[in-house]
Amino acid sequence: MRLLVVDDEPRLAEGLKRGLEAEGFAVDVAHTGTDGLWLAREQQYAAILLDIMLPGMNGYVVCRTLRDEENWTPVLMLTAKDGEWDQVEGLDTGADDYLTKPFSFAVLVARVRALIRRGAGARPAILRVGDLELDPAARTVRRSETPIELTTREFSVLEFLVRRAGEVVPKADILGGVWDFAFEGDPNIVEVYIGHLRSKIDRPFGRESIRTVRGAGYRIDADG
C-alpha cells in the first residue's frame, strides 16, 4: 500500500513517513501543493495525507483539482486549522476525512486504514448529468456554463434527482428525502417543484432531462 504525504513541515513529514513505513506502508513525501498534485497525478496511491497550508498551491485547491479530474484517491486532510468552517471547506472540496494537529499517530493510522477499506469510489465534489452541473457546497447550478438561479427547495429536489441520475425516483422518495416522511401537506407539491425545475433547467435550453415515468416517478437523464 503506497501513501502520499503532502506537508511543508519537514520534521513532521519525515516523522509520518517513518511511522507509516513501520506500519507496513510505502510512503512518498511532497513539501508543496504543486509537487503533491504532480505526484498524485503520476502515481497510484491507496490514500493521500494532505496539509492545507502549503506553498505553491493550498490543500483545498489540490483536493478540488484531483476531484475535478475524477481522481477519487481517498484524501485525509491534516491541518492546524481547527475551525468548524475550515473543516466544512475541506470536506466540501472533496476530502474524505479531516484530522487536526496535534493528533494521535494511532488514530491517524486507524483513519488511514478505514479510508483504504472504503476504497476510491467516485465521490465527486461537483455533480454532473450531461452538461448540467450542480455544486452542493456552493449551492450553484449551471447548464452549459450558464448559471441558473434556484430556490433552496428547488435545489434540494434537483440534487436528490441528480444523485440518482438514470434511476426512476418515486414521488414518495422525493417527499421523504427533501421534505420528510411526516409531511402532511399535498404530495402533489413534488409535481409543482418538478414543474419549476423544468421551467428553469430544461425549457430555456431546449432540453427534457427530467422525465415523468407514469405510475413510477421521475428520472433525470444526461441525454435530455
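Structure shown above.
Being a predicted model, the structure only gives us computed values, none of them experimental.

Parameters and conventions
- Residues numbered from 1 in each chain as written.
- Predicted model: local features only at pLDDT ≥ 70, side-chain atom pairs only at ≥ 80, totals over all residues.
- Heavy atoms only, no water.
- Pairing = 2+ DSSP bridges.
- Helix = DSSP H or I, 4+ residues; strand = E, 2+ residues; numbered from the N terminus.
- Axes fitted to C-alpha atoms, helices over the stretch in contact; angles between N-to-C directions.
- Contact = heavy atoms within 4.5 Å.
- Salt bridge = Lys/Arg side-chain N within 4 Å of Asp/Glu carboxyl O.
- Buried < 20%, exposed > 50% of the residue type's maximum accessible area, 1.4 Å probe, protein only.
- Parallel < 35°, antiparallel > 145°, perpendicular 65-115°, else oblique.
- Left-handed = near helix turned anticlockwise from the far one by under 90°.
- Nonpolar A, V, L, I, M, F, W, Y, C, P; charged D, E, K, R; others polar.

Draft legend 1. Structural view of the sheet that holds strand S8 (residues 140–143). Ordered in space as S6-S7-S8-S9, the 4 strands form an open sheet in which the pairing is antiparallel. The open sheet is flanked by strand S6 (127–129) and strand S9 (146–148), the only strands paired with a single partner. Averaged over all pairs of adjacent strands, the angle between their axes in this sheet comes to 25 degrees, without regard to strand direction. Examined bridge by bridge, S8 and S9 share 3 bridges and lie antiparallel to one another.

Draft legend 2. Expanded view of the environment of Asp-51. Looking at where Asp-51 falls in the secondary structure, it is placed in strand S3 (residues 47–51). For the pair Asp-51 and Leu-76, spaced 25 residues apart in sequence, the C-alpha to C-alpha distance is 8.6 Å. Residues contacting Asp-51, with those up to four places away along its chain left out, are Val-6, Asp-7, Asp-8, Gly-59, Leu-78, Thr-79 and Lys-101.

Draft legend 3. Local environment of the pattern of salt bridges. Across all of its chains, the model carries 23 salt bridges by this definition. In this structure, the salt-bridge partner of Glu-23 is Arg-113, at a minimum N-O distance of 3.4 Å. Here Glu-23 is found in the loop between helix H1 (10–22) and strand S2 (26–30), whereas its partner Arg-113 is found in helix H5 (residues 105–118), with 90 residues between them in sequence. Look at Glu-23 and you get partly exposed, because its relative accessible area is 38%. For Arg-113, a relative accessible area of 33% translates into the label partly exposed. We note a salt bridge from Arg-143 to Asp-202, for which the minimum N-O separation is 2.9 Å. With a gap of 59 residues between them, Arg-143 in strand S8 and Asp-202 in helix H8 (residues 189–202) connect regions that are remote in the sequence. Accessibility classification places Arg-143 together with Asp-202 in one group, the buried group.

Draft legend 4. Looking closely at the sheet that holds S3. Read across the open sheet, the 5 strands follow the order S2-S1-S3-S4-S5; overall the sheet is parallel. Two strands close off the open sheet at either side, each with one partner strand: S2 and strand S5 (97–100). Strand-to-strand twist of the sheet, defined as the mean angle between neighbouring strand axes without regard to direction, takes the value 20 degrees.

Draft legend 5. Geometry of the packing of helix H2 (residues 33–42) against helix H3 (residues 59–68). At a closest axis distance of 9 Å, the pairing of H2 and H3 adopts a crossing angle of 25 degrees. The angle between H2 and H3 places the two elements in the roughly parallel class. For the element pair H2 and H3, the recorded crossing hand is right-handed. Note on element contacts: H3 touches H2 through Val-62, Thr-65 and Leu-66, opposite Gly-33, Leu-37, Ala-40 and Arg-41. In the contact of H2 with H3, the residues fall into 4 nonpolar, 2 polar and 1 charged.

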